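Close look at the chain arrangement
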Amino acid sequence: QVQLVESGGGLVQAGGSLRLSCAASGRTFSGYIMGWFRQAPGKEREFVAAISRSGGNTNYADSVKGRFTISRDNGKNTVYLQMNSLKPEDTAVYYCAGKLSDAYYYITNRGFEYDAWGQGTQVTVSS
């Protein structure tokens, strides 16, 4: 199973940007669908974005569409989440997740389908 480690979180003012990274090790990264989820204090974990094995198919939560971009570099075993125009409501712990898949273009926003999770990185957006 792949091991995932997030980085890049921090404190930023509203309107600012951050780029999260998730480095994978242990299995063939290119065989994994990758996703980003987040959990704010007192709230359920929610889907943010997902990307297919090839990188050719992506999906976003409506709340981040047009502001966040997910990408991957299979040569570096890393998935990224570029976050622009950040809002205070984006404050949360962000988790990357991976799902081993035979399907080249399949993606999913359902957290229970993912079988590997990182430890999370805190993103705080001040108003």
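Whatever comes next refers back to the structure up there.
Notes on the structure follow.

The rules behind these values
Residues numbered from 1 in each chain as written. Predicted model: local features only at pLDDT ≥ 70, side-chain atom pairs only at ≥ 80, totals over all residues. Heavy atoms only, no water. Buried < 20%, exposed > 50% of the residue type's maximum accessible area, 1.4 Å probe, protein only. Helix = DSSP H or I, 4+ residues; strand = E, 2+ residues; numbered from the N terminus. Pairing = 2+ DSSP bridges. Phe/Tyr/Trp six-rings, centres within 6.5 Å; stacked < 30°, edge-to-face > 60°. Lys NZ or Arg CZ within 6 Å of the ring centre and 35° of its normal.

A look at the pairing of strand β5 (residues 46-51)
- Buried residues dominate β5, accounting for five of its six residues.
- Looking at chain direction, strand β4 (residues 32-39) and β5 are connected through five bridges and run antiparallel. Note on β5: the bridge partner recorded for R38 is E46.
- If you look at the hairpin formed by β4 and β5, you'll find six residues sitting between the two strands, and G42 has a positive phi there, around 75°.
- If you look at the hairpin formed by β5 and strand β6 (residues 58-60), you'll find six residues sitting between the two strands, and G55 has a positive phi there, around 85°.

Describing the packing of aromatic side chains
- Using the criterion set out here, one finds five aromatic pairs in the structure.
- Considering the side-chain rings of F37 and F47, the 5.7 Å spacing of their centres and the 70° angle between planes classify their relative orientation as edge-to-face. Residue F37 is found in strand β4, and its partner F47 is found in strand β5; the two are separated by ten residues along the sequence.
- On the basis of relative accessibility, which here comes to 2%, the residue F37 falls in the buried class.
- What makes F47 buried here is its relative accessible area of 13%.
- Arranged with centres 5.4 Å apart and planes meeting at 85°, the rings of Y104 and Y105 form a pair that is edge-to-face.
- The exposure class of Y105 is exposed, given its relative accessible area of 52%.
- Here a set of aromatic residues connected by ring pairs shows up, and it is made of F37, F47, Y114 and W117.
- Seen from the ring of F37, R45 lies directly overhead, with NZ or CZ sitting 5.7 Å from the centre.
- The ring of F29 has R72 sitting right over it, with the charged end atom 4.5 Å from the ring centre.

Without other data, these values stay purely geometric and don't point to any function.
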